[in-house]
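Structural description and commentary
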Amino acid sequence: MPHLSTLTLSHFRSWRRAQLPFDGRIVAIHGANGAGKTNLIEAISLLSPGRGLRRGSAEEFARRPEALGWKIAAELDSGQELETSAEPGASRAVRIGGKAAPQVALASELRMLWLVPSMDRLFIEGAEGRRRFLDRAAMSFEPAHAEATLAYDKAMRERNRLLKDMVRDAHWYEALEGQMAAAGARIQAGRARTISALMAAQNAAETAFPAATLSLIHPEAGPQGSDEGLRRLFAEGRRRDMAAGRTLDGPHRADLAAIWAEKAMPAADCSTGEQKALLISLILANARALAADGPAPLLLLDEVAAHLDAARRAALYDEIHALGAQAFLTGTGPELFDELGERALRLQITEEEGESHAHRH
Amino acid sequence: MADGPEEIGRLIGLMARLPGMGPRSARRAVLHLVKKRSQVLLPLAEAMKAVGESVRPCVACGNLATSDLCPICANPKRATGTLCVVADVADLWAMERSQAFQGRYHVLGGLLSALDAIGPDELGIPKLVARVTEEELTEIILALPATIDGQTTAHYIADALPELNVTSLAQGVPIGGELDFLDDGTISAALRARARV
Ligand SMILES: Nc1ncnc2c1ncn2[C@@H]1O[C@H](COP(=O)(O)OP(=O)(O)O)[C@@H](O)[C@H]1O
Ligand SMILES: [Mg+2]
Ligand SMILES: [Zn+2]
């Protein structure tokens with residue numbers, strides 16, 4: 001299984017300089033609040049395309065007060081080297097095997113899934129978070145999904161500006177809508193395949209976590225999934241969109257609906273703990289589906305253990321171990337990871353004068 | 001920061017705004033210039049003055065020229081009825097280096113982007129449409145980047161010229177691989193394998 005064998009942090013948030021060796025086992029990270037645990041796994045999350053698990057900016061990542069550039073480097077067990085960094089005032093750059101590469105290329109090097117406390121309200125809050133969750137899952141199966149969403153967003157921002165400026169140049173709209181439709185059709189198809197893959201992986205597994213029935217829903221009548229259907233939707237919506245000053249309908253409005261299958265209960269109506277269990281179930285299903293036809297992904301599970309009772313926690317550890325995934329788990333106390341026994345490498349994180357340190361034991 | 005006399009500071013400030021330069025490399029370059037006053041600084045100043053006084057855009061195609069028409073537009077042999085549309089002069093130069101194209105050019109000077117406030121008029125697209133009849137063109141080859149803005153511009157031009165054979169360079173090129181970075185062989189191959197937009 002591909003895993004991180006070394007992680008090097010330099011001037012990244014609370015980390016001034018650290019070099020951490022791993023051995024492919026689960027990594028159990030404990031330490032007091034504010035020690036720098038989430039910062040550590042956020043650094044790992046930046047070895048995938050996007051803004052990382054806290055959706056931060058290159059500027060926020062720079063260690064204060066110095067505000068110099070920051071760098072994250074990782075060596076995989078294959079010997080491959082990944083590196084991402086930013087100079088002050090610049091956006092983040094990526095190097096793969098020592099050569100400059102586009103951010104999206106990271107998706108082909110390392111597959112990664114995460115669960116963080118801010119996702120606890122995923123089923124209750126707006127559709128945007130669920131859409132992002134689904135798109136990240138889709139990207140884990142098909143790295144090209146990232147390019148389609150970037151292309152769609154860029155073309156839509158261009159179209160929205162035309163709408164806001166009340167530009168009435170049909171050729172210009174058609175040129176943008178053609179690209180939105182092509183990318184949008186790929187996005188919708190990728191989402192549909194992702195939902196099927198997640199459901200199949202849930203149903204096939206023996207797991208302590210509840211299965212969710214997933215579906216893609218849409219606020220309006222719903223865009224036709226096809227390139228042609230979307231092209232028509234945008235062309236016909238132009239007048240209405242101009243009045244609103246933005247694109248009202250399209251794949252950017254889709255939502256993910258989840259139902260606790262056994263109880264036929266919509267996820268939003270489940271208890272907080274039940275919602276967490278559903279999320280863990282989806283992450284595990286995603287990881288299993290990936291492991292079924294390729295290497296298991298890296299898992300970053302922030303403060304997950306604390307929410308589970310001892311039996312569920314033991315079940316989670318067993319399932320992660322069975323997957324063969326290199327998982328990074330965080331929690332405040334070391335006792336949360338007792339059930340892992342020899343299956344985990346343990347790191348304690350401490351903070352002294354605004355600087356994080358890792359201790360292995 | 002103390003960068004010596006005021007004149008030097010001004011020069012460093014100007015150099016730092018060049019593509020690929022920052023304050024640090026500008027300081028280094030200026031120190032080098034001052035040290036090599038007669039071999040580098042003065043000839044460079046003269047060359048810049050000459051370019052500043054004589055170089056302007058070709059009135060027909062937007063290429064750089066020292067008279068109204070650039071050498072390509074002034075050469076009757078390049079009136080082949082085929083026009084190649086590029087975003088920038090650098091792309092025109094890349095096409096010329098490849099020696100794969102015999103016709104004339106149209107330099108847009110950018111790409112359509114509502115977010116950057118660049119519309120069809122800023123790009124001289126009406127002028128391009130006028131050239132089609134004035135110069136009895138039969139084919140337009142679009143050599144535009146495979147980015148969203150590049151493709152929006154390509155579709156826009158194809159839509160604006162429905163009667164004409166509008167083709168595009170084959171897009172087998174690496175992502176973000178803009179024309180200026182491609183080698184000559186790749187450009188020739190992309191030109192041979194062009195397809196209708
Ligand atoms: N850019 C930064 N420079 C220095 N310290 C930072 C930066 N960003 C966050 N921190 C510090 O990191 C700490 C939070 O670390 P975090 O990893 O979230 O803690 P936890 O161990 O509870 O997960 C806070 O004390 C915060 O002040
Ligand atoms: Mg934390
Ligand atoms: Zn010319």
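Everything numeric in this text was worked out from a predicted model, so none of it was measured. (Residues numbered from 1 in each chain as written. Chains lettered and ligands numbered in written order. Predicted model: local features only at pLDDT ≥ 70, side-chain atom pairs only at ≥ 80, totals over all residues.)

What about the overall build of chain B?
Definition in use: Counting from the N terminus, the helices are DSSP H or I runs at least four residues long and the strands are E runs at least two residues long. Contact definition: two residues whose C-beta atoms, as placed from backbone geometry, lie within 7 Å.
Per the secondary structure count, chain B includes eight helices and seven strands. In terms of principal-axis extent, the alpha carbons of chain B reach across some 60 × 35 × 35 Å. If you take every contact in chain B between residues at least 6 apart in sequence, the share linking residues at least 24 apart comes to 54%.

Quick notes on the site of ligand 1
Residue and element names in this part refer to chain A. Which entries qualify depends on this criterion: For each residue, a C-beta atom is placed from the backbone, and the residue counts as near a molecule or strand when that atom lies within 6 Å of it. Any residue that is not Ala, Val, Leu, Ile, Met, Phe, Trp, Tyr, Cys, Pro, Asp, Glu, Lys or Arg is counted as polar, Gly included; the first ten are nonpolar and the last four charged.
As a structural note, the neighbourhood of ligand 1 is formed by 15 residues, with Ser14, Lys37, Thr38, Asn39 and Arg64 the closest of them. It is helix α1 (residues 37-45) that provides the largest number of residues to the shell around ligand 1, a total of three residues. Along the lines of polarity and charge, the residues of the shell around ligand 1 split into two nonpolar, eight polar and five charged.

Side note on the domain arrangement of chain B
As a reminder, the rule being used: Those domain boundaries reflect an automatic or database domain assignment.
Domain parsing of chain B yields domain 1 (6-54) and domain 2 (64-196). Averaged C-alpha coordinates put domain 1 of chain B and domain 2 of chain B at centres separated by 33 Å.

Some words on the UniProt feature "zinc finger region: C4-type" (unreviewed entry) in chain B
Applied cut-off: UniProt positions are given in the numbering used here, feature names are shortened, and annotations may be inferred rather than shown by experiment.
Feature annotation in UniProt places "zinc finger region: C4-type" (unreviewed entry) on residues 58-73 of chain B, given in this structure's numbering. Counting secondary structure, residues 58-73 of chain B comes out at 19% helix and 12% strand; the distance between its end C-alpha atoms is 8 Å.

Examining the UniProt feature "binding site: ATP" (unreviewed entry) in chain A
Residue and element names in this part refer to chain A. Cross-referencing UniProt, the feature "binding site: ATP" (unreviewed entry) maps to Gly31, Ala32, Asn33, Gly34, Ala35, Gly36, Lys37 and Thr38 in the present numbering. Mapped onto the secondary structure, Ala32 falls in the loop between β3 (26-30) and α1. Non-local contacts of Thr38, meaning those with residues more than four positions away in its chain, are made with Asp302 and Thr330.

A short note on the domain arrangement of chain A
All names here are of chain A. Segmenting chain A into domains produces domain 1 (1-111 + 295-361) and domain 2 (123-292). Relative placement of domain 1 and domain 2: their C-alpha centres are 28 Å apart. Between domain 1 and domain 2, the residue contacts involve 17 residues of the former and 15 residues of the latter. Counting residues per element, the side of domain 1 that touches domain 2 draws most heavily on helix α8 (residues 310-323), at five residues. Residue composition of the side of domain 1 that touches domain 2, grouped by class: 11 nonpolar, three polar and three charged.

A few points about the interface of chain B and chain A
Contacts between chain B and chain A engage 14 residues on the former and 17 residues on the latter. The residue inventory of the side of chain B that touches chain A, partitioned by class, reads eight nonpolar, five polar and one charged.

A short note on the confidence of the model for chain B
Low pLDDT means the predicted atomic positions in that stretch should not be read closely. What counts is decided by this rule: Known as pLDDT, the predictor's confidence for each residue is given on a scale from 0 to 100.
Per-residue pLDDT for chain B has a mean of 89; in total, 92% of the residues score no lower than 70. Per-element confidence in chain B is highest for strand β4 (residues 104-107) of chain B, whose mean pLDDT is 97, and lowest for helix α8 (residues 184-192) of chain B, whose mean pLDDT is 75.

Focus on the sheet that holds strand β3 (residues 82-86) of chain B
All names here are of chain B. Defined as follows: Between any two strands, pairing holds if DSSP finds at least two bridges. Only C-alpha atoms enter the line fits that serve as axes; for helices the fit covers just the stretch in contact. Angles between N-to-C directions range over 0 to 180 degrees.
Spatial strand order, β4-β3-β5-β6-β7: five strands in an open sheet with mixed pairing. Strand pairing shows two members of the sheet lacking a second neighbour, β4 and β7 (195-196), which therefore form its edges. Note that β3 and β4 share four bridges and pair parallel. The partner of Cys84 across the bridge, within β4, is Tyr105. On top of the sheet, helix α7 (residues 148-160) reaches β3, β5 (139-143) and β6 (165-168); it is set at about 165° to β6, its chief contact.

What about α7(B)?
All names here are of chain B. The line we're drawing: By definition here, a helix of n residues has an expected span of 1.5 Å times n minus one. Put plainly, a residue is buried at 20 or more neighbouring C-beta atoms within 10 Å of its own, exposed at 12 or fewer, and partly exposed in between, counting only other residues' C-beta atoms, which are placed from the backbone.
The end-to-end C-alpha distance of α7, which contains 13 residues, comes to 18 Å, matching closely the 18 Å that a straight helix rising 1.5 Å per residue would cover. Across the 13 residues that make up α7, a large majority, 11, are buried. The complete set of buried residues in α7 reads Ile148, Asp149, Gly150, Gln151, Thr152, Thr153, Ala154, His155, Tyr156, Ile157 and Ala158.

Some thoughts on the sheet that holds strand β8 (residues 112-115) of chain A
Residue and element names in this part refer to chain A. Strand order across the open sheet formed by six strands is β8-β12-β13-β3-β14-β15, with mixed pairing between neighbours. Two strands close off the open sheet at either side, each with one partner strand: β8 and β15 (355-360). Strand after strand, the sheet turns through a mean of 20° between neighbouring axes, direction not considered. Of the pairings in the sheet, the one linking β3 to strand β13 (residues 327-331) comprises four bridges and is parallel in character. Considered in β13, the bridge of Ala28 is made with Leu329.

Notes on the packing of helix α5 (residues 170-204) of chain A against helix α7 (residues 272-292) of chain A
Residue and element names in this part refer to chain A. Stated precisely, the cut-off is as follows: Orientation labels follow simple angle bins: below 35 degrees gives roughly parallel, above 145 gives roughly antiparallel, 65 to 115 gives roughly perpendicular, and whatever is left gives oblique.
Between α5 and α7, whose axes approach to 8 Å, the crossing angle comes to 95°. The angle between the axes of α5 and α7 places the two elements in the roughly perpendicular class. Where α5 abuts α7, its residues Ala197, Leu198, Ala201 and Gln202 lie against Ser281, Leu282, Ala285, Asn286, Arg288 and Ala289. The class makeup of the residues in the contact of α5 with α7 is six nonpolar, three polar and one charged.

Comments concerning the pairing of β13(A)
Residues and elements named next belong to chain A. For clarity, the cut-off: Clockwise travel from the first strand over the helix to the second, with the strands pointing away from the viewer, marks a crossover as right-handed.
By the criterion of burial, β13 is predominantly enclosed, with five of the five residues buried. Burial along β13 is two-sided: Ala327, Leu329 and Gly331 facing one way and Phe328 and Thr330 facing the other are all buried. Note: strand β12 (residues 298-301) against β13, three bridges, orientation parallel. Note that in β13 the partner of Leu301 across the bridge is Leu329. Crossover connection from β12 via α8 to parallel β13: handedness right-handed.

Overview of the environment of Ala90(B)
Structurally, Ala90(B) can be placed in helix α5 (residues 89-98). Between the C-alpha atoms of Ala90(B) and Val107(B), which are 17 residues apart in sequence, the distance is 9.6 Å.

Some words on the nonpolar core
For clarity, the cut-off: In plain words, the nonpolar core is the set of buried Ala, Val, Leu, Ile, Met, Phe, Trp, Tyr and Cys residues that C-beta atoms within 7 Å link up.
Residues Leu278(A), Ile280(A), Leu299(A), Leu300(A) and Leu329(A) are the most contacted members of the largest nonpolar core, which totals 88 residues. The greatest single-element share of this core, amounting to 11 residues, is contributed by α7(A). Taken domain by domain, this core gets at least three of its residues from each of domain 1 (1-111 + 295-361) and domain 2 (123-292) of chain A. Non-local contacts of Leu278(A), meaning those with residues more than four positions away in its chain, are made with Pro210(A), Ala212(A), Ala258(A), Trp260(A), Ala267(A) and Cys270(A). Within the second largest apolar cluster, 57 residues are counted, among which are Leu176(A), Ala183(A), Cys58(B) and Leu112(B).

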